[in-house]
Amino acid sequence: MEAKTEDIDHSCEGYLYLDYCETPETLVIKFVLMFCDLNNFKVFLVNDDEDESNLSSEHCLPFDYSVIKKEILLKEKKVSCRLPALLHCQEKFWRAGLATVVRTIIKTLHRRQPQEGWHKLLGFRETCLKACSEVSGLTKLCEVDLPAAVIEIEAEQIDLDCVSDVPVALVKLENHLRNPPVLHNLRKQLKQLAKRGKENTVKDCSVSKIYFSGFEFTLADLVLFPSVTSILTVLEQKNHRTLMKIPHIVKWYKEVSSLQRVKEALQKSNLRHPVLECLPINPEDNLESNLADELDFKLMFNEKKKASGTKKIQHMNCKILPPIVERLARNGALPECSKHPCEDMRIQWEVLPSALDPAGGELNPGRAKRKRQQIENMFSVVRTMADDASVIVDFCSGGGHLGIVIAYFLTKCTVIMIENKKESLERARNRIQSLGLENVTLYQCNLDYFTGSFSIGVSLHACGLVTALVMPQCFKNRASFVICPCCYGGICNTHMTSYPQSSLFANEYKVSYSEYRVLGHAADQTTWNFDSVQSRQGKHCMGLIDLDRVSVAKEHGYEVTLCTMQPYDCTPKNNLLIGYEPGWI
């Protein structure tokens, strides 16, 4: 069924775009729709193959769908993000990424059927799969690791007979499921389970999990299920011994697959699934050694180790930091912040619509004043970079303080605001609607899920890892950037980035990862007492971290300025990175 974008029905809840190919992410979304029996979204399968003879004749979906060519979407600029993606009806509001799309589906269903209690799938405080994959091991497992493992195993890219080649995601899941649940109300839940006949005792808290998060079926179980189904099916078909080494995954799978809605979704999906009849029901009856034990594996859901208390960090820095700073100084690493390039930064806020003022974004008067000053520092630079054809992306836009100002003044520019938090984007959307802005598109997704081209990238108080994610996006698009970094102590290696970033710091200065993190923690020890020893030390370490960022930008051919916001007390994190695309000046 071929469809053009103008055929879209604007009476539905939203427009859901999935890969035509049966990717693991597409399988998960389709399974979730079948589990929920939801048909309020117009589904488009995006075909990336020019040879239509390679397309299967029919997808197994219990509702109508249309096939649309990717080139049409790109040409019309309908999709500038990785799939799966969901477009809100009659608005320029995209949600992209597996976790974000699935959470939106469940919230939509709960809004339509509140009596069914669909919100319970979102877990404790509705936080299940809410955090992005860069900071949440659970989201990363569901959204990145297990889908990648499915591709590797189905394509026979790995040797399963070699224990060390088994996908880490599978071992993570096995290790997690065999550990006791960590719940704030464990005893209460055990008593409830005892009443339902699920658990015979509440004496011991070292009970095993029933589902991923403990004793309640949540969105994590629903999203993991299709990927685990694909993996177990391949292992069973090959009669592979690995099945005997992951008994807790097998037990979990049997428990989840016994749920009535899961059974019905499996039947609708025609998804191949394992039988697992010959395997022990209880992991304790398994004679094989556990895969996690064989690899001496420790669960790495929180990949970055959190420091245990500010005082401990300060004590550590007192001992370790001075030799690092002194060595860098001897090698010539002496960061200097230049003067802000713009003399006239003032915005006449008093004559502007109230929705444009940061106070309209639910900030108190003190914070709103400082936020105005921060916006003036950044917008004054963006204004000199932009022309009428500029596409400006506000990464981690929050409630839209900066992006909305840019869109209001630069009406001929296209402004894209990217934010992972739904609540922040909804506040931004309300302000955009009240101002009648037509040149703004919103994306609720991880930064790396945005795939569109742009000419200027901005980010105000880019927390922790964000700066390291924004700059490569700018390099890739040869885009200028204006970035105010923040939360230096949150810097850590992830599946997407590593530190130090520049060859100058890594090779010439020979700064190790552990030393870099010490600098990051020290950079976070800035206070509103700007003249204190601690604040001056923090400002110097901020400069060292940002010097690494300046260096990596220069390695990509950029002209870069590191300056201090004015007035300097508008924020303790007052460094500003200004990068001009190669050939701009």
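Notes on the structure in this doc start here. (Residues numbered from 1 in each chain as written. Predicted model: local features only at pLDDT ≥ 70, side-chain atom pairs only at ≥ 80, totals over all residues. Heavy atoms only, no water.)

## Observations regarding the overall build of the protein
Here is the rule we go by: Strands here are runs of E lasting at least two residues and helices are runs of H or I lasting at least four, both read from the DSSP assignment and numbered beginning at the N terminus. Any residue under 20% of the maximum accessible area for its type is buried, any over 50% is exposed, and the rest in between are partly exposed; the area is computed with a 1.4 Å probe on protein chains only. Contact criterion: two residues are considered in contact whenever any of their non-hydrogen atoms come within 4.5 Å of each other. In these tables, accessible area is a Shrake-Rupley quantity obtained with a 1.4 Å probe, and a residue counts as shielded only by the protein chains included in the view.
A count of helical and extended segments in the protein gives 18 helices and twelve strands. Per-residue burial for the protein yields a buried fraction of 55% across its 585 residues. The long-range share in the protein, meaning contacts at least 24 apart out of those at least 6 apart in sequence, stands at 73%. When the accessible surface of the protein is totalled, it reaches about 26,800 Å², and 49% of it is carbon and sulfur.

## Re the side chain of T526
Filter applied, for reference: Side-chain atoms alone can form a polar contact between residues adjacent in sequence; in general such a contact is a pair of N or O atoms within 3.5 Å, and within protein one must be able to donate a hydrogen while the other accepts it.
Take T526: it is sitting in the loop between helix 17 (513-523) and helix 18 (533-555). At 2.5 Å, the side chain of T526 and the side chain of K573 are in polar contact.

## Some words on the sheet that holds strand 11 (residues 559-564)
Spelled out, the test is: Pairing between two strands is assigned when DSSP locates at least 2 bridges connecting them. To get an axis, fit a line to the C-alpha atoms, keeping to the stretch in contact for a helix; angles then go from 0 to 180 degrees between the N-to-C directions.
Sheet architecture is open: twelve strands sit in the order 3-2-1-4-5-8-7-6-9-10-12-11, paired in mixed fashion. The outermost strands of the open sheet, each flanked by one partner alone, are strand 3 (65-69) and strand 11. Taking the axes of each pair of neighbouring strands and ignoring which way they run, one obtains an average angle of 20° across the sheet. With three bridges joining them, strand 6 (residues 391-395) and strand 9 (residues 456-463) adopt parallel strand pairing. By the bridge assignment for strand 9, D394 is matched with V458. Across the face of the sheet, helix 1 (residues 24-36) comes into contact with strand 1 (14-19) and strand 2 (41-47) while running at roughly 140° to strand 1. Contacts between helix 13 (residues 401-409) and the sheet are confined to strand 6, strand 7 (414-419), strand 8 (440-444) and strand 9, with strand 7 contributing the most and set at about 170° to the helix.

## Focus on the packing of aromatic side chains
This is how the line gets drawn: Side-chain rings of Phe, Tyr and Trp (the six-membered ring for Trp) are treated as a pair once their centres are within 6.5 Å; stacked means planes under 30 degrees apart, edge-to-face means over 60, and tilted covers the remaining angles. Here, a charge over a ring means that NZ of Lys or CZ of Arg falls within 6 Å of the ring centre while also lying within 35 degrees of the ring normal.
Summed over the entire model, instances satisfying the criterion amount to 19 aromatic pairs. Ring centres 6.1 Å apart and planes at 85° place the aromatic pair W528 and F530 in the edge-to-face group. Three or more aromatic residues link up through ring pairs in this structure, and these residues are Y17, F44, W94, F395, Y443, F450 and F454. The ring of F93 carries the charged tip of R95 above its face, separated from the ring centre by 4.3 Å.

## Some points on the pairing of strand 7
Formally: A clockwise course of the path from the first strand over the helix to the second, judged with the strands pointing away from the viewer, identifies a crossover as right-handed.
When you tally the buried positions in strand 7, you get five out of six residues, the bulk of the element. Pairing of strand 6 with strand 7, which is carried by five bridges, proceeds in the parallel orientation. Residue F395 lies in a different strand from strand 7, and its bridge partner there is I418. Note that the unit made of strand 6, helix 13 and strand 7 has a crossover that is right-handed.

## Quick notes on the pattern of salt bridges
Put simply, the rule is: Criterion for a salt bridge: a side-chain nitrogen of Lys or Arg within 4 Å of a carboxyl oxygen of Asp or Glu.
One pass over the structure, following the stated rule, counts 17 salt bridges. With its nearest N and O atoms 3.1 Å apart, the salt bridge here joins E343 to K339. Among the ionic pairs, R346 bridges to E376, the shortest N-O distance being 3.7 Å. Of this pair, R346 sits in the loop between helix 11 (310-330) and helix 12 (365-385) while E376 is found in helix 12, placing the two residues 30 residues apart along the sequence. E376 sits in the buried class, given a relative accessible area of 12%. It is possible to trace a salt-bridge network through shared partners that takes in K140, D145 and K172.

## Remarks on helix 1
Heads up, the condition is: A helix's residues, less one, multiplied by 1.5 Å, set its expected span.
The terminal C-alpha atoms of helix 1, which comprises 13 residues, lie 18 Å apart, in line with the 18 Å expected from a rise of 1.5 Å per residue. Among the 13 residues of helix 1, twelve are classified as buried, and the element is accordingly described as predominantly covered. Taken together, the buried positions of helix 1 are occupied by P24, T26, L27, V28, I29, K30, F31, V32, L33, M34, F35 and C36. Directly after helix 1, the chain includes D37, whose backbone phi takes a positive value near 55°.

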